[in-house]
Protein chains: 2
Amino acid sequence: MHTENLYQQLAGHYLKAIDAGTLRSGDRMPSLRVMMERHGVSLSTALNACRQLEQSGHLEARPRSGYFVRSLRRSGLAPSTEPSQQLPDPAQYVGIHERVSAIIAQGQQRPVAVNLAGACGAPALYPSEALKQGVLRALRQRPDLFGHAGPSTPNGEPAFRAAMARQALVSRIKLSPDEIIVTHGCIEALNLALRAVTQPGDVVAVESPTFFGLLQILESLGLKALEIPCSPQTGISLEALELAAHTYRDIKALVVVPNLQNPLGSTMPDANKAALVAWCAARQIPLIEDDTYSALSDSEAPQAALKAWDQDGNVIHCASLHKILAPGMRLGWIAAGRWQARVEMLKYAQSRSTEVLGQIAVADYLDSGAFERHLRRLRASLRSQREQVAEAVAHYFPAGTRLNLPNGGLALWVEMPGQRSSEALFHAALKEGIRIAPGLMFSNSNRFNAYLRISCGMPYTRELEHALRRLAALVAALPEQQA
Amino acid sequence: MHTENLYQQLAGHYLKAIDAGTLRSGDRMPSLRVMMERHGVSLSTALNACRQLEQSGHLEARPRSGYFVRSLRRSGLAPSTEPSQQLPDPAQYVGIHERVSAIIAQGQQRPVAVNLAGACGAPALYPSEALKQGVLRALRQRPDLFGHAGPSTPNGEPAFRAAMARQALVSRIKLSPDEIIVTHGCIEALNLALRAVTQPGDVVAVESPTFFGLLQILESLGLKALEIPCSPQTGISLEALELAAHTYRDIKALVVVPNLQNPLGSTMPDANKAALVAWCAARQIPLIEDDTYSALSDSEAPQAALKAWDQDGNVIHCASLHKILAPGMRLGWIAAGRWQARVEMLKYAQSRSTEVLGQIAVADYLDSGAFERHLRRLRASLRSQREQVAEAVAHYFPAGTRLNLPNGGLALWVEMPGQRSSEALFHAALKEGIRIAPGLMFSNSNRFNAYLRISCGMPYTRELEHALRRLAALVAALPEQQA
Ligand SMILES: Cc1ncc(COP(=O)(O)O)c(C=O)c1O
Ligand SMILES: Cc1ncc(COP(=O)(O)O)c(C=O)c1O
């Protein structure tokens, strides 16, 4: 396993300077000689750092003049439109599962060369070898593991739950391992949370746009989604929520992805987080938090979870290792606050304890410290991929395209100009072997049809660049519509 | 891995003769010399066969006279009482989860030396080493397995689903692998089946007594259980069911364990199975079948599933490898007939696809043929353990104790004389480090309080014999009650 090299540290140093605006587009980089002296590094280290920044699109080499900070086309992109504060009617909430699964099924019928629809990293971004070693170690330590029913404590393996409790500290959550119930991914956690606090027919407030999986869960449980407008920058709008609570007095729960929201990529400022937790507590509206993406944030200080502000157990925290450690394992967890006993009961009745092997394998890995190194590498790769995809969008998509570059995560949320239809784009792209996630998957209303979500999980290859170029041409060719 | 030896085959031959009554209690076995000639085996083979039958309690050695068929005390036990046909009121159905989990929690608070409460085999009965090898092979074949989200077909790994479809043929079910959805055990399958065909508040007919896990699922889904009396021999009473359908016209589903029912151990005759399937089809009552135990049946011909008679997709078949192959894996499946699309949707929304690793590991094992050999050994061990536990019950429990020796499975359902209370017994036994499953766990009504379920999953050791003896003394000491 390669740890962070000197040249990567050096590249990181200059990246920060570019981000901060200390080095601006068109500026000349210090010469290699100056870099060697200033940082006490070798020529090859200085060169490698510059090459990495060139590859990630931040620098360009000009013959005989050295490296220059590139003018990033993406800085010319307008930010996404702020949402209208109008609320869709929760009573209209039907058929989202059919719509979404039709799109997924259509996407699977044709051979796809470039899949931009997912929200997952490429397999090579995950530490397969280390996880395999963890599995082998677990089987050596417990040779008759498969002969025993269930984990040694009912809600999951103690070592895994302890590791998760330690992990939660990063998001400023203080939990005892006993408060953690291991689940089959965040999806099962969300199901349990919603089942604990609602009855069929209830209205649940959600972000708009939101992760389609959540809409499918709501539909499958007979719940009605009340979509609350979200800012692409700061997430759920507290004003819109206030308004919604006046109109619909019986909101039975609120589900929020506070950090790196899917699909927006928004992260709530701490002040909004604190206000939201207090608002829900005051109204006794259970607040269900989906923390799937927090660990993929690029910000210096880790993002806090809503649960960090929870004082009376009103926040149900749902988390997962699916995006950050092992897409091929079903490992998530829930800390259900006031509803702990009820969620324990529901989990037991719904699927019994989660299988033990993965929990033990992963607990070892998390404890070895390699996890933190893996996360750093993952974040760096995703950042570079995200920036390159954004650059391509800026370069190739028609003028008027809008996009926010999120502070982490796996995807970009792109707004096409002229109210073009992402549904039409989906079909046109699929014919050319390119899969995208059209905006209409992320809401029960039709208001995101001019948006698409593009994955940044894959390495930025020539093939990917080519696909983005083709996609841009397809967007340009779509008819514009009246707003 | 040891395959079935010659001496085991020979022992099996004489066991059949004892079972069939050809050799009766008190009869003298052929001498070792005669056995050698008759079967063309060595002295040690003949001797080992007799020793095995002695160990399993079927023969006794009399000094200088050879081996004799033992008089089995258990043949003196009266069969369990047939149920009264009176139906409990489904409206009374509340609080079973609390009752059951209180019992489970109490059972876990005290150190337990001998656990007779479970319905699982001892870890040594399962092929841990082969499963481990399967895992290693899977990780070699797919080194980046953990980096990929989900199986290669949405409802589970093709190889595993194909293996399960082949396995289902043994129960006379013809399924294409596409009809199989992999689940987290039979528990998740039952949840999905019930969610597919019911709404909260609906009445669901179940066997009485029945597996407490099912009652907990019903309660967690807000469903009402209508308990249908069952014969300890032939399972659910079709007459009682008919009666129930007249009284409660809105039965929304029926859940049945046709083979080796838990806790009764009953197996429905084929004629009853056919009649039940037709009855449900005629009334359009979805029939949910729990096939957890079929593969543990001792009968010559494998037991057919209800699904074998299904003509119009009205039977939802739920199965699991938990009891028969790997208690430490969460691997089950469902074939949902008419509700296939709805169950697919619910599974996706509830927990996404089941993790891949175990599926691949197990598919390999099932295909190697070793599975069939494992099952033979498992059944033989369970049979011997079951017979020995029954023998101890016959020997030590007070006169008037009733019990049916089931034709397979993991447990005995014992009826205490004089309406003694199994709840009282549970507490008394726990004080002595012995855990049992009291009858009141298996029904929402109180009518099985004079019963207990005793596990036969553990090797019959001196310690176990001692515990059964202590348990018998505790039963004898309990006050008798008016019927
Ligand atoms: C916001 C959000 N929550 C949950 C999930 C799924 O989580 P898991 O795979 O852990 O069930 C996803 C990913 O698809 C997601 O985007
Ligand atoms: C009748 C019956 N169904 C289902 C189960 C549990 O099945 P699984 O562990 O596959 O979820 C059991 C065992 O406890 C059982 O007795």
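Please read all numbers here as calculations on a predicted model, not as lab measurements. (Residues numbered from 1 in each chain as written. Chains lettered and ligands numbered in written order. Predicted model: local features only at pLDDT ≥ 70, side-chain atom pairs only at ≥ 80, totals over all residues. Heavy atoms only, no water.)

Scanning chain A from N- to C-terminus turns up 15 helices and 16 strands. Taken against the 2.2 N^0.38 rule, which gives 23 Å for 483 residues, the C-alpha radius of gyration of chain A at 23 Å falls within 12% of a compact globule. Counting only C-alpha atoms, chain A reaches 70 × 60 × 45 Å along its principal axes. In chain A, which comprises 483 residues, the proportion classed as buried is 59%. Approximately 19000 Å² of chain A is accessible, and the part contributed by carbon and sulfur atoms is 50%. Looking at chain A, you have 49 positive and 43 negative side-chain charges, and the mean spots of the two groups are 5 Å apart. (Helix = DSSP H or I, 4+ residues; strand = E, 2+ residues; numbered from the N terminus. Rg over C-alpha atoms; globule rule 2.2 N^0.38 Å. Buried < 20%, exposed > 50% of the residue type's maximum accessible area, 1.4 Å probe, protein only. Areas by Shrake-Rupley, 256 points an atom, 1.4 Å probe, with all protein chains shown as cover. Lys, Arg positive; Asp, Glu negative; His and termini not counted. Charge placed at Lys NZ, Arg CZ, Asp CG, Glu CD.)

Let us look at the site of ligand 2. Residue and element names in this part refer to chain B. As a structural note, the neighbourhood of ligand 2 is formed by 13 residues, with Cys-186, Asn-262, Asp-290, Tyr-293 and Ser-320 the closest of them. Within the backbone of Cys-186, one N or O atom sits 2.7 Å away from an oxygen atom of ligand 2. In this structure, Ile-187 approaches ligand 2 through a main-chain N or O atom, which is 2.8 Å from an oxygen atom. Surface burial for ligand 2 is 94%, taken as the share of its 410 Å² of free accessible area covered by protein chains. Among the elements that take part in the shell around ligand 2, helix 7 (residues 185-197) stands out by supplying three residues, more than any other. Residue composition of the shell around ligand 2, grouped by class: five nonpolar, five polar and three charged. (Near = heavy atom within 4 Å. Polar contact = N/O pair within 3.5 Å; in protein donor to acceptor, adjacent residues only side chain to side chain. Nonpolar A, V, L, I, M, F, W, Y, C, P; charged D, E, K, R; others polar.)

Moving on, we come to the relation of the copies chain A and chain B. For the match of chain A to chain B, the screw axis carries a shift of 0.1 Å, the RMSD comes to 0.1 Å, and the turn is 180°. Classification of the inter-copy transformation places it as that of a two-fold axis. A share of 98% of interface residues in chain A that are also interface residues in chain B marks the association as one of identical surfaces. (Least-squares fit on C-alpha atoms with pLDDT ≥ 70 in both. Contact = heavy atoms within 4.5 Å.)

Glancing now at empty space enclosed by the protein. Under the definition given, this model contains seven cavities of 30 Å³ or more. In this structure, the largest cavity occupies an estimated 210 Å³ of space. Lining the largest cavity are 22 residues; nearest its centre among them are A:Arg330, A:Glu355, A:Gly358, B:Glu355 and B:Gly358. Within the residue set of the lining of the largest cavity, elements represented by two or more residues are helix 12 (356-367) of chain A together with helix 12 (356-367) of chain B. Class assignment for the residues of the lining of the largest cavity results in 10 nonpolar, eight polar and four charged. (1 Å grid on protein atoms, 1.4 Å probe; cavity = no way out; pocket = protein on both sides within 12 Å on 5 of 7 lines; lining within 4 Å. Points joined across faces, edges and corners; volume = space filled by probe spheres on them.)

Before going further, it helps to spend a moment on the sheet that holds strand 15 (residues 437-438) of chain A. Pairing is antiparallel across the open sheet formed by four strands, whose spatial order is 12-13-16-15 (chain A). The open sheet has two edge strands with one neighbour each: strand 12 (402-403) and strand 15 of chain A. (Pairing = 2+ DSSP bridges.)

What follows concerns the domain arrangement of chain A. All names here are of chain A. Taken domain by domain, chain A comprises domain 1 (6-72), domain 2 (92-124 + 373-477) and domain 3 (129-371). Tallying the contact residues gives eight residues for domain 1 and five residues for domain 2. For the pair domain 1 and domain 2, the summed buried area comes to about 470 Å², and 37% of that belongs to carbon and sulfur atoms. Our enumeration of links across domain 1 and domain 2 arrives at one salt bridge. A salt bridge links Arg-383 to Asp-19; its shortest N-O distance comes to 2.5 Å. Remark: the boundary between domain 1 and domain 2 carries three residue pairs in polar contact (both at pLDDT 80 or more). (Domains from an automatic or database assignment. Buried area = accessible area lost by both parts, 1.4 Å probe. Salt bridge = Lys/Arg side-chain N within 4 Å of Asp/Glu carboxyl O.)

It is worth spelling out the interface of chain A and chain B at this point. Each partner contributes residues to the interface: chain A has 51 residues there, and chain B has 51 residues. Summed over both sides, the interface of chain A with chain B buries roughly 4100 Å², with 63% coming from carbon and sulfur. Ranking the residues of chain A by area buried against chain B places A:Phe146, A:Arg330 and A:Arg352 at the top, with a combined share of 15%. Our enumeration of links across chain A and chain B arrives at zero salt bridges. Summed over the shared surface of chain A and chain B, the number is 15 residue pairs in polar contact (both at pLDDT 80 or more). For the side of chain A that touches chain B, the secondary-structure elements that each account for two or more residues are helix 4 (96-109), helix 5 (128-141), helix 7 (185-197), helix 8 (212-220), helix 11 (340-351) and helix 12 of chain A. For the side of chain A that touches chain B, the per-class residue count stands at 27 nonpolar, 17 polar and seven charged.

Inspection of the secondary structure assignment puts A:His148 in the loop between helix 5 and helix 6 (158-170). Once the C-alpha coordinates of A:His148 and A:Ala361 are considered, the two residues, 213 residues apart in sequence, prove to be 16 Å apart. Excluding its chain neighbours within four sequence positions, the residues that come into contact with A:His148 are B:Pro123, B:Pro327 and B:Gly328. A distance of 3.4 Å separates a polar atom in the side chain of A:His148 from a polar atom in the side chain of A:Asp144.

Another point: the pattern of salt bridges. On inspection of all chains with the given rule, the structure shows 38 salt bridges over all chains. Linking B:Glu242 and B:Arg283 is a salt bridge whose minimum nitrogen-to-oxygen distance equals 3.8 Å. Placement of B:Glu242 in helix 9 (residues 238-247) and of B:Arg283 in helix 10 (residues 270-283) is noted, with a sequence separation of 41 residues between them. Because the salt bridges share partners, they merge into one network encompassing A:Asp19, A:Arg74, A:Arg383, A:Glu387 and A:Glu391.

Our focus in this paragraph is the packing of aromatic side chains. Enumeration over the complete set of coordinates arrives at 14 aromatic pairs over all chains. Summarising the aromatic geometry, the rings of A:Tyr365 and A:Phe371 are spaced 6.4 Å apart at their centres and angled 70° between planes, so their arrangement reads as edge-to-face. Residue A:Tyr365 is classed as buried on the basis of its relative accessible area, which comes to 5%. Given a relative accessible area of 3%, A:Phe371 falls into the buried group. Relative to B:Tyr451, the ring of B:Phe448 lies with its centre 5.6 Å away and its plane at 70°, an arrangement referred to as edge-to-face. For the pair B:Phe448 and B:Tyr451, one class covers both residues: buried. Through successive ring pairs, a cluster of aromatic residues spans A:Phe211, A:Phe212, A:Trp413, A:Phe442, A:Phe448 and A:Tyr451. Positioned over the ring face of A:Phe68 is A:Arg62, at 4.0 Å from the centre of the ring. (Phe/Tyr/Trp six-rings, centres within 6.5 Å; stacked < 30°, edge-to-face > 60°. Lys NZ or Arg CZ within 6 Å of the ring centre and 35° of its normal.)

Let's shift gears to the side chain of B:Lys307. Residues and elements named next belong to chain B. Relative to the helices and strands, Lys-307 is located in the loop between strand 9 (287-290) and strand 10 (315-320). Under the relative-accessibility criterion, Lys-307 is labelled buried at 11%. Of the polar contacts made by the side chain of Lys-307, one reaches the backbone oxygen of Val-315; its length is 2.8 Å. Lys-307 has contacts with Ile-173, Leu-175, Glu-289, Val-315, His-317, Ala-335 and Gly-337, leaving out every residue within four places of it along the chain.

This next bit is on the site of ligand 1. All names here are of chain A. Around ligand 1, the surrounding shell holds 13 residues, and the nearest of these are Cys-186, Asn-262, Asp-290, Tyr-293 and Ser-320. When the free accessible area of ligand 1 is taken as 400 Å², the share hidden by the protein chains comes to 94%. By residue number, the principal contributor to the shell around ligand 1 is helix 7, which donates three residues. Class assignment of the residues belonging to the shell around ligand 1 gives a composition of five nonpolar, five polar and three charged.

Right, let's get into the packing of helix 5 (residues 128-141) of chain B against helix 12 of chain B. All names here are of chain B. Viewed as axis vectors pointing N to C, helix 5 and helix 12 meet at an angle of 115°, and their least axial separation amounts to 8 Å. Between helix 5 and helix 12, the angle is such that the two are roughly perpendicular. Considering the relative orientation of helix 5 and helix 12, their crossing is right-handed. Contact with helix 5, carried on its side by Ala-130, Leu-131, Gly-134, Val-135, Arg-137, Ala-138, Leu-139 and Gln-141, involves Leu-357, Ile-360, Ala-361, Val-362, Asp-364 and Tyr-365 of helix 12 and no other residues of that element. (Axes fitted to C-alpha atoms, helices over the stretch in contact; angles between N-to-C directions. Parallel < 35°, antiparallel > 145°, perpendicular 65-115°, else oblique. Left-handed = near helix turned anticlockwise from the far one by under 90°.)

Moving on, we come to the sheet that holds strand 16 (residues 451-455) of chain B. All names here are of chain B. Read across the sheet, four strands follow the order 12-13-16-15 without closing on themselves; strand pairing throughout is antiparallel. The two strands at the open ends of the sheet, each matched to only one other strand, are strand 12 (402-403) and strand 15 (437-438). As paired strands, strand 12 and strand 13 (residues 411-415) are joined by two bridges and run antiparallel to one another. Of the residues in strand 13, the one forming a bridge with Arg-402 is Glu-415.

Bringing helix 4 of chain A into the picture now. Taking 1.5 Å per residue, 14 residues should reach 20 Å; helix 4 of chain A reaches 20 Å between its end C-alpha atoms and fits that length. Within the span of helix 4 of chain A, buried status applies to A:Ile96, A:His97, A:Val100, A:Ile103 and A:Gly107. Taken end-on, helix 4 of chain A shows its buried residues confined to a sector of 140°, consistent with a single buried face. Across helix 4 of chain A from its buried face, at more than 90 degrees, point the exposed residues A:Glu98 and A:Gln109. Along its buried surface, helix 4 of chain A packs onto helix 8, helix 14 (422-431), strand 14 (434-435) and strand 15 of chain A together with helix 11 (340-351) of chain B. (Expected span 1.5 Å × (residues − 1). Arc of directions from axis to C-beta.)

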